[in-house]
Amino acid sequence: MRQGMAWYVCKRLIQGVVTVWFIATATFFAMHNVPGDPLLNDRAMTPAIRANLEARYGLDQPLFNQYLIYLGNLARGDFGISFTQENRQVNDIIREHFPVSATLGILAVLFAAAGGVLWGALTALYRNRMPDYIIMFLVILGISVPSFVVAALSQLGLVTLNNLAGRSLLPVAGWGSVFHMLTPALVLGLSTMAYLTRLMRSSMLEIIDSDFVRTARSKGVPPALIFSRHQLRNAILPVVTVLGPQIAVITTGGFVVELVFAIPGLGRFFVEAVQQLDYTVIMGTTVFYGAFLVLMVIVVDLLYGFIDPRVRLQ
Amino acid sequence: MNDRASRANFSELRQLGLYALYVVSGLVAAVWLLGIAANSTGSTVTGGAIDADGKAITIALRTEPPQLDYSRATDSSSFTVLFHNMEGLLTYDDNMALIPGVAERYEIREDGATFWLREDARWSNGEPVTAHDFVFAWRRVQDPATASAYAFIMYPVKNAEAINRGDLPREALGVRAVSDHILEVEFEQPTPYFDKLVAFVTFYPINEAFFESTDGRFGADADMLLYNGPYRMTEWVHSASMRWERNPDYWGDHKGFIDTINVGYITQDVNSRLNLFKDGQIADTQLVPQMLGEAMERRWQIDRSMDGTVFFLQLNFREGRLTANRNFRKALLLAQDPVEFVYKALKEPSYMPAVSLFPFWIRGVDSYFRQEHPPMPHEYNVAKAREHLEAARQELGLEEFPPIHLLADDSPIGAVSSEYYQAVYARNLGLELRIDKQIFKQRLAKMDAGDFDIVVSGWGPDYDDALTFGDLFSSWNLNNRGRYSSPEMDALVRIAQSELDPVARMEAFGKIQDLVHDDVVIVPMYERGWSYVVDPRLKGFKRRAVGPEVDYTYAWIDEQATD
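Keep in mind that this is a model prediction, so the values were computed, not measured. (Residues numbered from 1 in each chain as written. Chains lettered and ligands numbered in written order. Predicted model: local features only at pLDDT ≥ 70, side-chain atom pairs only at ≥ 80, totals over all residues. Heavy atoms only, no water.)

Caption draft 1: Here's a closer look at a negative patch on the surface. A surface patch of negative charge is lined by B:Glu104, B:Glu119, B:Asp120 and B:Asp180. Take B:Asp180: it is sitting in the loop between β7 (175-179) and β8 (182-186). (Patch = residues over 30% accessible without salt bridge, like charges linked within 9 Å, V, L, I, M, F, W, Y side chains within 5 Å. Areas by Shrake-Rupley, 256 points an atom, 1.4 Å probe, with all protein chains shown as cover. Salt bridge = Lys/Arg side-chain N within 4 Å of Asp/Glu carboxyl O. Lys, Arg positive; Asp, Glu negative; His and termini not counted. Charge placed at Lys NZ, Arg CZ, Asp CG, Glu CD. Helix = DSSP H or I, 4+ residues; strand = E, 2+ residues; numbered from the N terminus.)

Caption draft 2: Inspection of helix α4 (residues 90-125) of chain A at higher detail. All names here are of chain A. With 36 residues, α4 should cover 52 Å at 1.5 Å per step; its first-to-last C-alpha distance of 50 Å lies within 8% of that length. Considering bend angle alone, the principal kink of α4 is centred on His97 and spans about 30 degrees; proline Pro99 follows within four residues of it. Most of α4 is tucked away, with 29 of its 36 residues classed as buried. (Expected span 1.5 Å × (residues − 1). Bend = angle between axes of the 7 residues up to and from the residue. Buried < 20%, exposed > 50% of the residue type's maximum accessible area, 1.4 Å probe, protein only.)

Caption draft 3: Representation of the pattern of salt bridges. All names here are of chain B. Summed over the entire model, instances satisfying the criterion amount to 37 salt bridges over all chains. Here Asp167 ties to Arg165 by a salt bridge, and the two come within 3.1 Å at their closest N and O atoms. The class for Asp167 is exposed, based on a relative accessible area of 52%. On the accessibility criterion, Arg165 (47% relative accessible area) is partly exposed. One salt bridge connects Lys196 with Asp465, and the closest N-O pair in it is separated by 3.2 Å. With a gap of 269 residues between them, Lys196 in helix α6 (residues 194-197) and Asp465 in the loop between β17 (454-459) and α16 (467-470) connect regions that are remote in the sequence. According to the relative accessible area criterion, Lys196 is partly exposed, its value standing at 22%. Each of Glu107, Arg109, Asp111 and Glu184 takes part in salt bridges that share partners, so that together they form one network.

Caption draft 4: Structural detail: the nonpolar core. Residues B:Trp138, B:Phe194 and B:Tyr425 are the most contacted members of the largest nonpolar core, which totals 184 residues. With 11 residues, helix α12 (residues 279-307) of chain A is the largest single contributor of residues to this core. Once residues within four sequence positions are removed from consideration, B:Tyr425 is found in contact with B:Leu313, B:Leu332, B:Leu333, B:Ala335, B:Gln336, B:Gly430, B:Leu431, B:Leu433 and B:Val523. Core analysis: the second largest hydrophobic core is formed by 53 residues, A:Ala113, A:Ala185, A:Val257 and B:Val31 among them. (Core = buried A, V, L, I, M, F, W, Y, C linked by side-chain atoms within 4.5 Å. Contact = heavy atoms within 4.5 Å.)

Caption draft 5: The arrangement of the sheet that holds β7(B) in detail. Residues and elements named next belong to chain B. Across the sheet, 4 strands lie side by side as β5-β6-β8-β7; this open sheet has antiparallel pairing. Two strands lie at the open edges of the sheet, namely β5 (103-108) and β7, each paired on one side alone. On average, each strand axis in the sheet is tilted by 20 degrees relative to the strand beside it, whichever way the strands run. Where β5 and strand β6 (residues 112-117) come together, 5 bridges link them in antiparallel fashion. Looking at the pairing, Arg105 lines up with Trp116 of β6. Where helix α4 (residues 131-142) meets the sheet, it contacts β6, β7 and β8, and its direction lies at approximately 170 degrees from that of β7. (Pairing = 2+ DSSP bridges. Axes fitted to C-alpha atoms, helices over the stretch in contact; angles between N-to-C directions.)

Caption draft 6: Up close: the pairing of strand β2 (residues 56-61) of chain B. All names here are of chain B. When you tally the buried positions in β2, you get 6 out of 6 residues, the bulk of the element. Of the two faces of β2, the one carrying Ala56, Thr58 and Ala60 and the one carrying Ile57, Ile59 and Leu61 are both buried. Both strand β1 (residues 50-51) and β2 contribute to a ladder of 2 bridges, which runs antiparallel. Each residue of the ladder has a partner; that of Asp51, found in β2, is Ala56.

Caption draft 7: Molecular detail of the environment of B:Gly112. All names here are of chain B. Summarising the element assignment, Gly112 is placed in strand β6. Owing to a relative accessible area of 0%, Gly112 belongs among the buried residues under this scheme. Between the C-alpha atoms of Gly112 and Leu492, which are 380 residues apart in sequence, the distance is 22 Å. Not counting chain neighbours up to four residues away, the residues in contact with Gly112 comprise Glu107, Val185, Glu186 and Phe187.

Caption draft 8: Spotlight on the interface of chain B and chain A. Contacts between the two partners involve 80 residues from chain B, matched on the other side by 75 residues from chain A. Taking both partners together, chain B and chain A bury about 6,500 Å²; carbon and sulfur atoms supply 57% of that area. Across the contact surface, chain B and chain A share 2 salt bridges. For the salt bridge of B:Glu64 with A:Arg88, the shortest nitrogen-to-oxygen distance reads 4.0 Å. Linking chain B with chain A are 19 residue pairs in polar contact (both at pLDDT 80 or more), by the criterion used here. Going through the elements one at a time, α1 (2-6), α2 (10-39), α5 (160-165), β11 (260-266), α8 (270-278) and α15 (440-449) of chain B are the ones with two or more residues in the side of chain B that touches chain A. Among the elements that make up the side of chain B that touches chain A, the one with the highest residue count is α2(B) (15 residues). Counted by class, the side of chain B that touches chain A contains 36 nonpolar, 27 polar and 17 charged residues. (Buried area = accessible area lost by both parts, 1.4 Å probe. Polar contact = N/O pair within 3.5 Å; in protein donor to acceptor, adjacent residues only side chain to side chain. Nonpolar A, V, L, I, M, F, W, Y, C, P; charged D, E, K, R; others polar.)

Caption draft 9: View of the sheet that holds β11(B). Residues and elements named next belong to chain B. Read across the sheet, 5 strands follow the order β1-β2-β11-β10-β9 without closing on themselves; strand pairing throughout is mixed. Across the chains shown, the open sheet's two edge strands, defined by having one partner strand only, are β1 and β9 (231-237). Relative to strand β10 (residues 241-246), β9 is paired through 6 bridges, and the arrangement is antiparallel. Bridging across to β10, Trp236 finds its partner in Met242. Contacting β2, β9 and β10, helix α3 (residues 76-85) crosses the sheet at an angle of about 135 degrees to β9.

So this is what it looks like as structure tokens:
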């Protein structure tokens, strides 16, 4: 069993490396096929100045050579220098800004998972009654209203709240303390929370009518125990399944929230790099996020085995 | 089925409540832990917009300054940071007039210039700023290995372009330190506006010993720069915050009245900055048209200033383009009205309808250039426009005009602009404009390739002289993306570049202005401005058309002020 597990992890990791390589290659060539290049600017450049810049970034090499050089650097874990932030290594950018996105993302996922499971269980218990209708209405709102609207509205709400209170209860934007994180994390996790609530509700309802719950009930197991041991534990499985990809989506998809709340996260770099055609940052963030996503999926598959003993890893 | 569902058992609910309690306490612990983690990566600014006791203010920047290695900087965000923390040979006063910086006095001759440096100018490590620091910095700008995008601005210095091309060693540059405090510059050709150039960041000095000690990370962090301006940056958390403190080593007492300027927030989101202002966290913020109603309701004092940029339709003169025909261009000019465009379509009160390539604030000999050389007033005349269009149709031998290719950027203003001209030319001339909306880099690529008939474009000044606009349509200027070319224009630009007599020089600019109008090189749209609001306690704050966007170096705090 132990050996099988190690072999399984090993195999998944190798698959992961191939996936990341594929992502890197596809992004590299797609990016170079987009019209324009990172050196273009409002101010046109003399051929001499352009040649100097091309030489500095190695853009004077044939494309395939650039690709080989890139793969070589990638294997050494070196993503190169940013085109727009010309003094900074892409590695430094990721190292400094990913922890910010990750911190925000972890909190958002915690909010989402905790809220999703609790609200989902509550709606299932109150099926087809008022609390169920109210929560499900809010869930639909949470899923369908885009995050930039929620972010802007919640920020406006904060301003109003602070003005009414006459002092700053919660910061409107910025980063650096616990209080800066609360609102953006809630906003970031909101749509996931709504999604998980719906998922949790339907899987709870499925289980309420299942054989083993009926058996337990007829045996005279106390309802609280049925609820926690039999229903909740089984119903939570689908939630865990989608949690892995959702973690990656949340930690990488914070662009809007980071912009509105002036948070120095990596999401801003990810999006702005594409707008600026900042080749090295595009590659760096894409490969990094790709690897992160692959890793999260593996972790969730492993976790699944622990929660549900019926799942065999192979 | 239904009865079981409705039997929401109390004990089940209690169990759920217990779990909820666990979860909430777990979340609080997680938040606390994450808060500790976040502390190391962010700002700790909590002082509010104005801290009168600490003589400190908090502001927001639009973008993280991408490049503080000033030999290579190209963007306005970096210029703003550098302007507060650095100083060149000359600088600007609070009225945009050139005043002495590191240089006490200077002299510009036909073949070169001499700058006498003050002896009390110091770097933030206490060392004096010397002529050698300028020589080192300027040579570095031209060194091909530095790959400075703004190297061209120094091409008036002897041999600069040849060095930048790699044909001469960097030591051949026409600049030398006669002594520690005398800087001697040799020109490639007469450059009467050289004093305006040296206020630009590319001409700032670099301490060579310090530069070597940064080991390739010059300008990458707060401690990777030496400062000689009224402020020095003591903290920089990338993309989050900065702190500029008054520089005790600065030689003058005519600027730097606020002790600490905190850049507390960096975000492009203009609504987010407005919210910060309303919450009393930042000292000033930009207002876009949608915000003006609320600003008036709150009885804010709305200030306006020009940002320096002129926007126009650039026309393509390449062979085979309809816009290469003068009658066609004439029709385009006559059939539209920038006044209507600015006030009815853009609805931005800080913008001004444009009539000329030169914005109104450009200086002439004694007053404003446009007072000395008034541009032709714009004529909105649809009947005359149609005559020109008919003449163009006959000259080109066309039955009907094919669709016109209008290239624009994907910004909201780009959309409003292109749709306005599409509608106006359809209505007045019966022309069909096809809008080609592209993101920044792709639009530039298409402009460079000449893949357009008309392109919505703008031009902002690098330095405070008419030439920064005046040489735009010389045949050798690479920003002349419509490839307009006329011997008359080239001759005028040469005069404007090197004529030492200011009156004759301004006359050349006057003729350039007329030629641009007669030949319809562009269709002027608007001069861009800012509407903004400032905390009433902050006085002396400026927005500038040239150089930094915002200027706090002359600002001070008046605690009592309420409006």
